[in-house]
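Residues per chain are reported as follows:
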Amino acid sequence: MKAARFHAYGAEVIVESVAQPAIGPDEVLVEVKAAALNPLDVKMHAGWMHEVFPVDLPHTIATDLAGVVTRVGDQVQRFRPGDHVVGRSDPTRGGAMAGSAAIPADHLVPVPAGLSLTDAAGIPTAAGTAWQALIEMAALRAGQTVLVHAGAGGVGGFAIQFARMAGARVIATASGTGIDIARRLGADQVIDYRTDEFAAVASGVDVVLDTIGGETQRRSFGVLRSGGRLLAISEAPDPALAAAYGVEADFVFHRSSGRRLQAMVDAIVTAGLTVPIDRVVALDDLAAALRHQASGRARGKIIIAMG
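If you're wondering where the values come from, they're calculated on a predicted model, not measured in any experiment. (Residues numbered from 1 in each chain as written. Predicted model: local features only at pLDDT ≥ 70, side-chain atom pairs only at ≥ 80, totals over all residues. Heavy atoms only, no water.)

## Observations concerning the overall build of the protein chain
When its secondary structure is counted, the protein chain shows 10 helices and 16 strands. Computed over the C-alpha atoms, the radius of gyration of the protein chain is 19 Å, within 12% of the 19 Å expected from 2.2 N^0.38 for a compact globule of 307 residues. Buried residues in the protein chain amount to 54% of all 307 residues. A fraction of 65% describes how many contacts in the protein chain between residues 6 or more apart in sequence connect residues 24 or more apart. As displayed, the protein chain offers around 13000 Å² of accessible surface, 49% of which is attributable to carbon and sulfur atoms. Of note, the protein chain has its 27 positive side-chain charges centred 3 Å away from the centre of its 31 negative side-chain charges. (Helix = DSSP H or I, 4+ residues; strand = E, 2+ residues; numbered from the N terminus. Rg over C-alpha atoms; globule rule 2.2 N^0.38 Å. Buried < 20%, exposed > 50% of the residue type's maximum accessible area, 1.4 Å probe, protein only. Contact = heavy atoms within 4.5 Å. Areas by Shrake-Rupley, 256 points an atom, 1.4 Å probe, with all protein chains shown as cover. Lys, Arg positive; Asp, Glu negative; His and termini not counted. Charge placed at Lys NZ, Arg CZ, Asp CG, Glu CD.)

Written as structure tokens, this is what we have:
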């Protein structure tokens, strides 16, 4: 089968022929139909995450996939060959960008009718991060106001929709075509960060979801109400700043959960939410897709159609 692998940190990602993976007794072999790129894939390829997510080289990239079950381990009872599934592998294992992937059964959930495998592949990490931050950690509720940075991105696009689903008012930052995207996804107010200073526009916010870090994160403390909460996904927030502003601040370390993934898939289908997709490309175009992911300008998920 084909797999997209790098043999050294920073080296070119090469599509090459490899052996099909074996499965353990609690694992499922999935014929991958679609896989999604995430910012984490770029960071791991560069070697920036080695201390957190050490990998064996060569490493098959990506974690998020959707496909068809072809084989199940002896202890697996939930799935059968032919089932359509979506899931996320452990980052240290990767393996999603391949013809087939071996995944623990408890990392997978069924793909319901009405949800395409292409859309399903875009859910696990981006939606999981937004859900973990806003629904689980912040326990966002009706009547609150949330500021979502980069509302047209993968995490931001899901965050807008989950926040609206919870009954919250949503302010999002975006630019260019991302402004209309954030509005279509349900943002009540969209701030063009290239022309307007969000810290001068937003105030009294209950929750900030910071997907950017740096100066954007530091300015975000000032828009929170006393006792508000900043949740960051790209850079750990400064506890001294949080104390100075009288707010809470936490880093969102996303962890896979089959239970969360099932809840998200159910919510997306039931509520008719959109999986924000920037583009769908063939495996032959992976190099360009990786460059686009690394640019930080993707308007939603980049999906690789595997076959």
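## Looking at the pattern of salt bridges
Summed over the entire model, instances satisfying the criterion amount to 12 salt bridges. Linking Arg88 and Asp64 is a salt bridge whose minimum nitrogen-to-oxygen distance equals 4.0 Å. You can see Arg88 sitting in strand S6 (residues 84-88) and its partner Asp64 sitting in strand S5 (residues 64-72), a full 24 residues away along the chain. The exposure classification of Arg88 matches that of Asp64, with both residues buried. Here Arg225 ties to Asp206 by a salt bridge, and the two come within 2.5 Å at their closest N and O atoms. (Salt bridge = Lys/Arg side-chain N within 4 Å of Asp/Glu carboxyl O.)

## Structural notes on the pairing of strand S14 (residues 248-251)
By the bridge criterion, four bridges tie strand S13 (residues 224-232) to S14 in an arrangement that is parallel. Bridge pairing links Ala232 to Phe251 in S14. (Pairing = 2+ DSSP bridges.)

## Observations regarding the UniProt feature "domain: Enoyl reductase (ER)" (unreviewed entry) in the protein chain
The feature "domain: Enoyl reductase (ER)" (unreviewed entry), as given by UniProt, occupies residues 10-304 in the numbering adopted here. In residues 10-304, the share of helix is 30% and the share of strand is 28%. The end C-alpha atoms are 20 Å apart. (UniProt positions renumbered as here; feature names shortened; annotations may be inferred.)

## Side note on the sheet that holds strand S9 (residues 145-148)
With respect to topology, six strands assemble into an open sheet ordered S11-S10-S9-S12-S13-S14, the strand pairing being parallel. Both outer strands of the open sheet, strand S11 (189-192) and S14, are each paired with one neighbouring strand and no more. For this sheet the average axis-to-axis angle between neighbouring strands, irrespective of direction, equals 15°. Across four bridges, the pairing between strand S10 (residues 169-174) and S11 is parallel. Among the inter-strand pairings, Ile171 is bridged to a residue of S11, identified as Gln189. (Axes fitted to C-alpha atoms, helices over the stretch in contact; angles between N-to-C directions.)

## A few points about the sheet that holds strand S4 (residues 59-60)
One open sheet holds the three strands; their spatial order is S2-S1-S4, and the pairing between them is antiparallel. The open sheet is flanked by strand S2 (14-17) and S4, the only strands paired with a single partner. In terms of strand pairing, strand S1 (residues 2-6) meets S4 through two bridges, oriented antiparallel. Opposite Arg5, over in S4, you have Thr60 as the bridge partner.

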